[in-house]
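Structural description and commentary
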Amino acid sequence: MKFIIEHLSKRFEKKEVLKDISFTFEEGRIYGLLGRNGAGKTTLFNCLNKDIKSDGGAFYFEENGERRGVNAEDIGYVLSTPTVPEFLTGREFLKFFMDINEKSVHNPRPIDEYFDYMSIEPEDRDKLLKDYSHGMKNKMQMLVNIIAQPKLLLLDEPLTSLDVVVAEEMKQLLRSLKAGRVTVFSTHIMDLALDLCDEIVLLNHGVLERVEKSNADNAEFKEKIIAALREDGHE
Amino acid sequence: MNKILRLSFSLKNTYRVNSILYSLKQLPLIKRILPDMLYGVTGLKIFANIVSVFIEVFSVFAGKLLYFLTMVAGAAALYENAPKERVFLHILLFLTVIGSFMNTHIFNPTRDKYYAVILMRMDARGYTLVNYGYSVLKVIVGFLPFSLIFGSLNGVPLWFCFLIPFSVAGAKITAAAYTLWDYERRGNAYNENKLSKFVWSIAGILLAAAYGLPAAGLLLPDTASLIIMTAFIPAGIISAKKIIAFGSYSEINRELLSQMMTQIDTAKQAAKKSGERSISDDTAVTSGRKGFEYLNELFIKRHQKILWKAAKSVSYVCLFLVLGALLALYLAPQARGEVNELILNWLPYFVFIMYAINRGTGFTRALFMNCDHSLLTYSFYKQPKFVLKLFKIRLREIIKINAVPAAVIGAGLSLILFASGGTSNPLNYAVLFVSILSMSVFFSVHYLTIYYLLQPYNAGTEIKSATYQLVLSVTYLVCFLMMQLKMPILAFGICCIAFCILYSVIACVLVYRFAPRTFRLRA
């Protein structure tokens, strides 16, 4: 399975944020999306998630040589600030999600099994989500996004505000999830990108480009990334 | 001083000009024509500057005109039996004292002050003095024409009409000097936007003295009013020295302005908190349903406080009023004819009442704050079939909630109509009841529809749609104007029912067509 973007573009009035995005993502890999502030990472994610309409171009899956369009249930999108419906308990939120996604959740498990999987303590499972901590809300958001086993998992700066323990748990989780799907992970933290991701992709001047690591060591690779992002001269 | 004057004015003006441009950019149609870079376009800037000057001039006079028109001269005219001049001076004196400490102008923490003193590190003393001097000048200039007009109309001697503006300014300066002295003594910075209970109660007592004493026939003799008011002028001159000599402007400004900035941050938090507070903590609430019905039932049950409970208390109040009216009609048969006449012709009035008791805005607000705000970030939730399914469920719920008080009012009105002598055409009863119900359905549909079609909130729970606010204001205005309309039940009721049915059908069609695209978080 591949996820392919072709000539995707998006402008806001005069500003051309995404110029000509073309890229092929391979199944089973985690892609680290790096870009400077305002480069359009979130815009790209929003276009892929169909939150905003793109101006041109297309994106689709290619399975066994056949193209197919992207449906809402194919995408999991985890935002940097976790948002969960405050008036539900963790258990109720999961039940609601499972209810309405009956068709797309294959071999559903008992709800507690999911909680165990995310290491959410039994005493927290029946609390209202408004009383969850930041890290726990983040776990819930992640959980809801992965239960349906989306083919494409988009993560917008997901680990930045988590404590070290939860961040490590999440990293492990992402690694364990990467088989069978495309994971795109945007971040400003270079070490995180190098540590977690199989490939580094830069969003620069409105286009996506892969950075070849070949046989450079980490320090050289970092230099290369910085140099590529700096090139345009707007320091 | 000159430089500070120039700088602080240009800063204030820039702030205002940009606010004007920003609000232009929010208007539904105009925003399309305006370029993205509007803050740099000279023509627009000149236009906004003209508007800004106009606002400034307007602000000098408009408030004072209203003040004299309503609170002083207007109120004084109500006391028909008292001598005009004495009442006028009596009220003016007490209000001047209240205004002197409620509205000092010296430490009114505003954003432009924050920018100047905290961010740009302007000299706090110079800045405060220059701005204070200007505001005192504005008081004098703004008061002068109206004290002359309204004063002489009320028989106040002309020489004193000239003195009134200076006396008001003197009182304000004296109060300001007192707050500075108080700061030196106790270290308490006086924030006129956050008054203590003590100050509020003094203001209340003085207000009662201003309007209550004349009603009781007790008035200050006019010589006393004249002497006290005149005495404010030398007091102001002496106090002005204190204000100029005061040394801790920097500290006091920092204290007040930092309070203000934390207020702005906490305002957002408070909105979020109040949204969360409306969620009942009762986890014993459960639901045996499935999917969206499950979500909806939990939402309704956990928001009892703002939905069903509110609707029920309104219903009880209405029931109580209806019973009261029936009792009154029974006890006072002579009123029956008049009441009958009222009921038969005042149905349009109830549009406004139904508007006022409708839970629609509260419902959509809670829906967004506590539910959609988060769920709209999940793509599964945005699938068209789910959006529409939930719309249907929610519409059913809000109609149910609003129907309870509507049924009480509708049935109550029919009963009152019957008890007050009835009507020759029995159809009136049915139309009365059905039209009240259909009004409640209309408001339920209306609020939910504009919420789904315009979805005005962004991820930060701020309202970002001027169109939405415009629609709300127009709704209010139309309902308000309905109060002026007098029409027989049959004519108005049938029009009203027809309109509500038509509107609901159109609204639902629009939602089904467009909501899957419009029901998104705003960028």
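Structure first, text after, so check above.
Just so it is clear, the structure is predicted and the values come from calculations on it, not from any experiment.

1. Focus: the overall build of chain B
Counting its regular elements, chain B contains 19 helices and 0 strands. Each of the three principal axes of chain B carries a C-alpha extent, and together these read 75 × 65 × 50 Å. Looking at chain B as a whole, 46% of its 523 residues are labelled buried. Split by element, the accessible area of chain B, about 25,800 Å² in all, is 70% carbon and sulfur. Between the centroid of the 51 positive side chains of chain B and the centroid of its 23 negative side chains there is a distance of 8 Å.

2. Some points on the packing of aromatic side chains
Counted under the stated rule, the structure contains 47 aromatic pairs over all chains. Ring geometry for Phe292 of chain B against Phe386 of chain B: centres 5.1 Å apart, planes inclined by 55 degrees, an arrangement best described as tilted. Placement of Phe292 of chain B in helix α11 (residues 291-302) and of Phe386 of chain B in helix α16 (residues 384-419) is noted, with a sequence separation of 94 residues between them. On the basis of relative accessibility, which here comes to 9%, the residue Phe386 of chain B falls in the buried class. Relative to Phe480 of chain B, the ring of Tyr476 of chain B has its centre 5.9 Å away and its plane inclined at 25 degrees; by these criteria the two rings are stacked. Of this pair, Tyr476 of chain B and Phe480 of chain B both sit in helix α18 (residues 466-482), separated by 4 residues, roughly a single helical turn. Linked through ring pairs, Phe352, Tyr355, Phe442, Phe443, Tyr447, Tyr476, Phe480, Phe499 and Tyr503 of chain B together constitute an aromatic cluster. Positioned above the aromatic ring of Tyr294 of chain B, the side-chain terminus of Lys95 of chain A is 4.2 Å from the ring centre. The ring of Trp346 of chain B has Lys486 of chain B sitting right over it, with the charged end atom 4.3 Å from the ring centre.

3. Considering the sheet that holds strand β7 (residues 152-156) of chain A
Residue and element names in this part refer to chain A. Spatial ordering of the open sheet is given by β6-β7-β8-β3-β9-β10, a layout of 6 strands whose pairing is mixed. Each having just a single partner strand, β6 (75-78) and β10 (207-211) make up the two edges of the open sheet. Taking each pair of neighbouring strands and ignoring which way they run, the sheet shows an average axis angle of 20 degrees. Relative to β10, strand β9 (residues 199-204) runs antiparallel, the two being bridged by 5 bridges. Along β10, the bridge assignment pairs Val201 with Arg210. On the sheet, helix α1 (residues 41-48) packs against β3 (30-34), β6, β7, β8 (182-186), β9 and β10 and is oriented at approximately 150 degrees with respect to β7.

4. Describing a nonpolar patch on the surface
Residue and element names in this part refer to chain B. A cluster of nonpolar side chains, namely Leu27, Leu29, Ile30 and Ile33, defines an oily patch on the protein surface of about 410 Å² accessible area. Its place among the elements puts Leu27 in the loop between α1 (2-26) and α2 (30-33). When its relative accessible area of 36% is taken as the criterion, Leu27 is described as partly exposed.

5. Let's talk about the pairing of strand β4 (residues 56-63) of chain A
Residues and elements named next belong to chain A. Two strands pair when backbone bridges link them, and strand β1 (residues 2-12) and β4 are joined in this way by 6 bridges, in the antiparallel orientation. Residue pairing for β4: Ser9 is matched across the bridge by Gly56. Where β4 meets strand β5 (residues 66-68), 3 bridges bridge the pair, whose relative direction is antiparallel. Residue pairing in the sheet places Glu63 in a bridge with Glu66 of β5. Between β4 and β5, which pair antiparallel and follow one another directly, the connecting turn spans 2 residues, one of which, Asn64, has a positive phi of 50 degrees.

6. Thoughts on the nonpolar core
For soluble globular proteins, the rule of thumb is that nonpolar side chains tend to be buried together. With 93 residues, the main nonpolar core has Phe93, Phe96, Ile200 and Ile225 of chain A together with Leu295 and Tyr381 of chain B as its most contacted residues. No other element matches α16 of chain B, which puts 9 residues into this core. Apart from the residues within four sequence positions on either side, Tyr381 of chain B is in contact with Phe96 of chain A together with Phe292, Leu295, Cys371, Asp372, Leu375, Leu376, Phe386, Val387, Leu390 and Arg394 of chain B. Counting residues in each nonpolar core, the second largest holds 39 residues, with Ala73, Leu93, Phe150 and Val168 of chain B among its members.

7. Some thoughts on the interface of chain B and chain A
Counting from both sides, the interface comprises 36 residues of chain B and, opposite them, 33 residues of chain A. Here chain B meets chain A over a buried area of about 2,800 Å², counting both sides, of which 57% is carbon and sulfur. When the buried surface of chain B facing chain A is broken down by residue, Tyr294, Tyr378 and Phe380 of chain B rank first, second and third, together holding 21% of it. Counting the contacts that link chain B with chain A gives 2 salt bridges. As a salt-bridge pair, Arg302 of chain B and Glu92 of chain A come within 2.9 Å of each other at their nearest N and O atoms. Scanning the region where chain B abuts chain A turns up 11 residue pairs in polar contact (both at pLDDT 80 or more). For the side of chain B that touches chain A, the elements supplying multiple residues, two or more each, are α10 (249-277), α11 and α15 (360-375) of chain B.

8. Considering the environment of Ser420 of chain B
All names here are of chain B. Relative to the elements of secondary structure, Ser420 occurs in the loop between α16 and α17 (427-454). Classification of Ser420 as buried rests on a relative accessible area of 4%. Sequence-distant contacts of Ser420, defined by excluding residues within four places in its chain, comprise Leu329, Arg336, Val339 and Asn340. Here the side chain of Ser420 touches Asn340 through a polar contact of 3.2 Å, side chain to side chain.

9. A short note on the pairing of β3 of chain A
All names here are of chain A. Of all 5 residues in β3, 5 are buried, a share of seventy percent or more. On β3, burial covers both faces: Ile30, Gly32 and Leu34 on one face and Tyr31 and Leu33 on the other are all buried. Both β3 and β8 contribute to a ladder of 4 bridges, which runs parallel. Each bridged residue has a counterpart across the sheet, and for Ile30 the counterpart in β8 is Thr183.

10. Points about the side chain of Thr475 of chain B
Residues and elements named next belong to chain B. Mapping Thr475 onto the fold places it in helix α18. According to the relative accessible area criterion, Thr475 is buried, its value standing at 9%. Looking at Thr475, its side chain comes within polar contact range of the side chain of His446, at 3.0 Å. Residues contacting Thr475, with those up to four places away along its chain left out, are Tyr355, Phe443, His446 and Tyr447.

11. Brief notes about the side chain of Thr364 of chain B
All names here are of chain B. Mapping Thr364 onto the fold places it in helix α15. For Thr364, a relative accessible area of 2% puts it in the buried group. Polar contacts involving the side chain of Thr364 include one to the main-chain carbonyl oxygen of Thr361, which spans 3.1 Å.

12. Some thoughts on α1 of chain A
All names here are of chain A. Where burial is concerned, most of α1 is hidden: 7 out of the 8 residues are buried. Listed in full, the buried residues belonging to α1 are Lys41, Thr43, Leu44, Phe45, Asn46, Cys47 and Leu48. Where α1 terminates, the next one or two residues include Lys50, which has phi positive at roughly 60 degrees.

13. Section: the sheet that holds β1 of chain A
Sheet strands pair by backbone hydrogen bonding; their relative direction is either parallel or antiparallel. Residues and elements named next belong to chain A. Taking strand neighbours across the sheet as the criterion, the 4 strands line up as β2-β1-β4-β5 in an open arrangement whose pairing is antiparallel. Across the chains shown, the open sheet's two edge strands, defined by having one partner strand only, are β2 (15-26) and β5. Direction aside, the axes of adjacent strands within the sheet are offset by 25 degrees on average. Relative to β2, β1 runs antiparallel, the two sharing 8 bridges. Bridge pairing in β2 links Ile5 to Phe23.

Parameters and conventions
Residues numbered from 1 in each chain as written. Chains lettered and ligands numbered in written order. Predicted model: local features only at pLDDT ≥ 70, side-chain atom pairs only at ≥ 80, totals over all residues. Heavy atoms only, no water. Helix = DSSP H or I, 4+ residues; strand = E, 2+ residues; numbered from the N terminus. Buried < 20%, exposed > 50% of the residue type's maximum accessible area, 1.4 Å probe, protein only. Areas by Shrake-Rupley, 256 points an atom, 1.4 Å probe, with all protein chains shown as cover. Lys, Arg positive; Asp, Glu negative; His and termini not counted. Charge placed at Lys NZ, Arg CZ, Asp CG, Glu CD. Phe/Tyr/Trp six-rings, centres within 6.5 Å; stacked < 30°, edge-to-face > 60°. Lys NZ or Arg CZ within 6 Å of the ring centre and 35° of its normal. Pairing = 2+ DSSP bridges. Axes fitted to C-alpha atoms, helices over the stretch in contact; angles between N-to-C directions. Contact = heavy atoms within 4.5 Å. Patch = residues over 30% accessible without salt bridge, like charges linked within 9 Å, V, L, I, M, F, W, Y side chains within 5 Å. Salt bridge = Lys/Arg side-chain N within 4 Å of Asp/Glu carboxyl O. Core = buried A, V, L, I, M, F, W, Y, C linked by side-chain atoms within 4.5 Å. Buried area = accessible area lost by both parts, 1.4 Å probe. Polar contact = N/O pair within 3.5 Å; in protein donor to acceptor, adjacent residues only side chain to side chain.

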